[in-house]
Amino acid sequence: MAQLLHRWQQLWLLALDRQYRLETALQRLRELEEFAHFDFGVWRKRYMQWISQMKSRVLDVFRGIDRDQDGRISQREFIEGVLASKFPTNVLEMNAVATIFDMNGDGFIDYYEFVSALHPNRDPLRRSADADQIQDEVNRQVAQCNCAKRFQVEQISANRYRFGESQQLRMVRILRSTLMVRVGGGWIALDEFLVKNDPCRVKGRTNLKINEKYLSPDAFGTAARCAGNQSAASSKVLSPSRSNSSLSLYSSASAPSSPLARKSVLRRTRSGDRCPRSRGSGLPDGAELQFSAAEESLAAALPEPPEGSPPERCSPCR
Ligand SMILES: [Zn+2]
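Just so it is clear, the structure is predicted and the values come from calculations on it, not from any experiment. (Residues numbered from 1 in each chain as written. Predicted model: local features only at pLDDT ≥ 70, side-chain atom pairs only at ≥ 80, totals over all residues. Heavy atoms only, no water.)

**A short note on the coordination of the zinc ion**
Surrounding the zinc ion are the protein donor atoms Cys-145 (SG), Cys-147 (SG), Asp-198 (OD), Asp-198 (OD) and Cys-200 (SG), which sit 2.0 to 2.7 Å from the metal. The sequence motif formed by the donor residues of the zinc ion is C-x1-C-x50-D-x1-C. Highlighted residues: Cys-145 in the loop between α7 (124-142) and β3 (153-157) and Cys-200 in helix α9 (residues 199-215), separated in sequence by 55 residues. (Donors = N, O, S within 2.8 Å, 3.2 Å for Na, K, Ca; no water. Helix = DSSP H or I, 4+ residues; strand = E, 2+ residues; numbered from the N terminus.)

**Quick word on the packing of helix α3 (residues 58-65) against helix α6 (residues 111-118)**
Packing of α3 against α6 brings their axes to within 11 Å, and their N-to-C directions diverge by 135 degrees. Between α3 and α6, the angle falls in the class oblique. In terms of crossing hand, the pair formed by α3 and α6 is right-handed. Residues Val-58, Leu-59, Val-61 and Phe-62 of α3 form the contact with α6, whose participating residues are Tyr-111, Phe-114, Val-115 and Leu-118. Of the residues contributing to the contact of α3 with α6, the split by class is eight nonpolar, no polar and no charged. (Axes fitted to C-alpha atoms, helices over the stretch in contact; angles between N-to-C directions. Parallel < 35°, antiparallel > 145°, perpendicular 65-115°, else oblique. Left-handed = near helix turned anticlockwise from the far one by under 90°. Contact = heavy atoms within 4.5 Å. Nonpolar A, V, L, I, M, F, W, Y, C, P; charged D, E, K, R; others polar.)

**Regarding the packing of aromatic side chains**
Each aromatic ring pair is specified by the distance between its two centres and by the angle formed by the two planes. Applying the stated rule across the entire model yields 17 aromatic pairs. Taking 6.2 Å as the distance between ring centres and 55 degrees as the angle between the ring planes, the aromatic pair formed by Tyr-111 and Tyr-112 counts as tilted. Residue Tyr-112 is classed as partly exposed on the basis of its relative accessible area, which comes to 23%. Taken together, the ring pairs in this structure connect Phe-40, Trp-43, Tyr-47, Trp-50, Phe-62, Phe-78, Phe-87, Phe-101, Tyr-111, Tyr-112 and Phe-114 into an aromatic cluster. Sitting over the face of the ring of Phe-108, Arg-72 holds its NZ or CZ atom 3.6 Å from the ring centroid. Stacked on the ring of Trp-187, the Lys or Arg Arg-173 has its end atom at 4.4 Å from the ring centre. (Phe/Tyr/Trp six-rings, centres within 6.5 Å; stacked < 30°, edge-to-face > 60°. Buried < 20%, exposed > 50% of the residue type's maximum accessible area, 1.4 Å probe, protein only. Lys NZ or Arg CZ within 6 Å of the ring centre and 35° of its normal.)

Here's what the structure looks like:
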């Protein structure tokens with residue numbers, strides 16, 4: 001009797017095992033069947049829809065998978081990351097997708113590969129060239145700091161940076177081969193931004209003001225005009241000046257010699273300390289924070305002129 005019972009138990013276990021293996025095989029067959037019709041374009045669209053349904057951004061998704069935040073993920077991390085999310089896919093699909101994402105086939109997917117795979121119409125080389133150019137220029141200009149404690153800059157993404165002690169994310173872009181920083185409602189050249197925010201350059205500006213006093217006969221006139229007149233400030237936003245010196249014609253601590261450069265400095269100085277009424281709340285960039293919404297949308301609507309067109313000048317410097 002005990003022997004019979006034992007044999008029955010064994011049979012029962014065998015049956016269970018058989019059932020499990022059959023189900024697994026069936027599941028795999030279904031996946032294979034689905035995968036036979038696998039289309040990366042369809043997968044990509046589904047994934048992009050899913051990302052937007054999650055109210056997420058591509059960067060957030062990438063960061064979620066990139067645990068050590070070094071800007072790249074292994075194919076394995078990628079596959080496991082997506083499988084662990086609620087996105088409906090399977091291992092077969094993910095193996096194929098990972099190979100497509102890893103464009104240079106080094107086993108890792110960096111952020112540019114990730115973005116390019118999801119936005120096939122964007123040119124990844126151009127994007128990364130722009131980002132590299134931005135990064136080089138930011139590093140070059142920030143490196144001119146000679147504070148005891150070097151002015152900090154942190155790249156957050158291709159065109160977002162954190163400057164100095166501020167936690168604020170700032171957008172940067174290249175406009176007419178000049179690196180511009182988004183401040184308040186407008187854009188200012190990075191070197192102007194640094195003159196206002198990097199402590200060692202803020203001191204340098206004091207010297208410039210002294211120079212200005214002696215070099216420029218109408219310094220007081222323009223300053224007075226500026227105090228009650230926002231249009232000077234807004235035209236500065238609409239027409240980024242040459243003063244920004246993406247080519248760094250002069251460091252902010254040295255006196256400019258050409259008339260054009262001097263005017264640029266005047267304009268720059270005027271938008272800072274010389275406009276007490278246009279300062280907002282004592283923030284270093286308070287002046288820009290005041291721009292009205294109308295001016296902002298105007299600035300946004302203004303098309304970028306083609307490369308090589310002569311720089312516009314605002315009315316005070318004519
Ligand atoms: Zn400094």
